Structures are given as structure tokens and as C-alpha cells.
Amino acid sequence: MSDRIERPDWDNYFMEIAHVVARRGNCSRRLVAAVIVKDNRIISTGYNGTPRGIRNCFEGGCPRCGNPEVASGTGLSECYCSHAEENAIVQAAYHGIAVKGSTLYTTFSPCLQCSKMIINAGIEEVVYHREYSIADNALALLREAGICVRPLITVEEKKDFGLV
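For clarity, every value in this text was computed on a predicted model and none was experimentally measured. (Residues numbered from 1 in each chain as written. Predicted model: local features only at pLDDT ≥ 70, side-chain atom pairs only at ≥ 80, totals over all residues. Heavy atoms only, no water.)

(A) Summary view of the packing of aromatic side chains. Evaluated as defined, the whole model comprises four aromatic pairs. For the pair Trp10 and Phe14, a centre-to-centre distance of 5.6 Å together with 15 degrees between the ring planes defines the contact as stacked. In this pair, Trp10 and Phe14 are both assigned in helix 1 (residues 10-22), four residues apart and thus about one turn of the helix distant. Judged by its relative accessible area of 43%, Trp10 is partly exposed. (Phe/Tyr/Trp six-rings, centres within 6.5 Å; stacked < 30°, edge-to-face > 60°. Helix = DSSP H or I, 4+ residues; strand = E, 2+ residues; numbered from the N terminus. Buried < 20%, exposed > 50% of the residue type's maximum accessible area, 1.4 Å probe, protein only.)

(B) Helix 3 (residues 112-121), seen in detail. Those residues of helix 3 not exposed but buried are Cys114, Ser115 and Ile118. End-on, the buried residues of helix 3 take up no more than an arc of 105 degrees, which puts them together on one face. Residues of helix 3 that are buried sit in contact with helix 2 (84-94), strand 3 (103-108), strand 4 (125-130) and helix 4 (136-144). Just downstream of helix 3 lies Gly122, where phi reads positive at about 85 degrees. (Arc of directions from axis to C-beta. Contact = heavy atoms within 4.5 Å.)

(C) The packing of helix 3 against helix 4, seen in detail. Between helix 3 and helix 4, the shortest axis-to-axis distance is 8 Å and the interhelical angle comes to 15 degrees. On the basis of their axis angle, the class for helix 3 and helix 4 is roughly parallel. Helix 4 is crossed by helix 3, and the crossing has right-handed handedness. Of helix 4, the residues touching helix 3 (which contributes Leu112, Ser115, Lys116, Ile118 and Ile119) are Asn137, Ala138, Leu141 and Leu142. Considered class by class, the residues forming the contact of helix 3 with helix 4 number six nonpolar, two polar and one charged. (Axes fitted to C-alpha atoms, helices over the stretch in contact; angles between N-to-C directions. Parallel < 35°, antiparallel > 145°, perpendicular 65-115°, else oblique. Left-handed = near helix turned anticlockwise from the far one by under 90°. Nonpolar A, V, L, I, M, F, W, Y, C, P; charged D, E, K, R; others polar.)

(D) Inspection of the nonpolar core at higher detail. Ile36, Leu104, Ile118, Ile123 and Leu142 are the most contacted members of the largest nonpolar core, which has 21 residues in total. For this core, the secondary-structure elements that each account for two or more residues are strand 1 (33-38), helix 2, helix 3, strand 4 and helix 4. Take this core: its biggest share by element is four residues, from helix 2. Non-local contacts of Ile36, meaning those with residues more than four positions away in its chain, are made with Arg41, Ile42, Ile43, Ser44, Ala88, Ile89, Val99, Ser102, Thr103, Leu104 and Ile123. By size, the runner-up hydrophobic cluster in this structure holds 11 residues, among which are Ala22, Ala33, Val35 and Val37. (Core = buried A, V, L, I, M, F, W, Y, C linked by side-chain atoms within 4.5 Å.)

What follows is the structure in C-alpha cells.
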């Protein structure tokens, strides 16, 4: 049969799912998502936004994100939003699911705080789509901890650049 369906590889499959999960985010600054996978099965997802029971960011639940005068990457100590990676790890813990030995797919590379959580949670690999602008120390820390870290150029991007 020559009309074979074009199936995404595992990396692209999970990254595409992460991009869909990001659409659930409620942060008014940036939509980010993380998908934690073990044995090619999704065990947890997370997106950025305010904690459970707190008004959504886009509804005024976060004082930093609601202030347009706060520049990107500043005032982070005033932000109420939890990051996608943090939420994915915490959701797994909330439901009693171990993430040790798993892979985390994320639409943006993790920040320093999330990188520390990833290390301490026992996640073995981080695959990211876009690099976060303040990620240099975070990525170096993950690598120093022996975590495999790699960017993913999606199939669609490879097509756009004529690489496929």
C-alpha cells in the first residue's frame, strides 16, 4: 500500500501535544506547556497560570502579569503564576504518579527554578521547542546534573526550511 499515513515520530507527537496543552494556559504574558512522558505514555501535563482556586491571570489574578509596565523577565518575585514544568511535576505528585526516569517535553526551555525541580524530581531528559531568553544557567545546571537536554526542530519547521 503506497498511500501510507505520515505519522509523527515520538518527539514530534509529544511536542505537538504540548503545544495543544499550552492553549489551556491562563497566563496573560506567555503560553507554555510541559508534558511528562514515561515509556512513551503521557503521565502528566502542565501549563503556566495561577494556582488552583486563584483567579486566572487574564482575569486579574496575578498582579505582575496584569501590569503592562513590568518588562519581560523582571518582577518575577511578584508573579503568582506557576510554570508549566512546575505544574506538570506537581500534578503528578498530587495524583501519586512518580516522574523518576521520565522525559519532559516543554514548549520553552525551563527557567532556573523549574530546572531545580526537574533535577530533584528525577526526570532524566528535557526536550524543548524554543529557548527561554534567560535559560543559559538553567540549561547548564540541567546538563551538570547529567540530564539529557535537547532542542527539537519540529517536522513542520524542517519542511519550512527545506530540511525534509
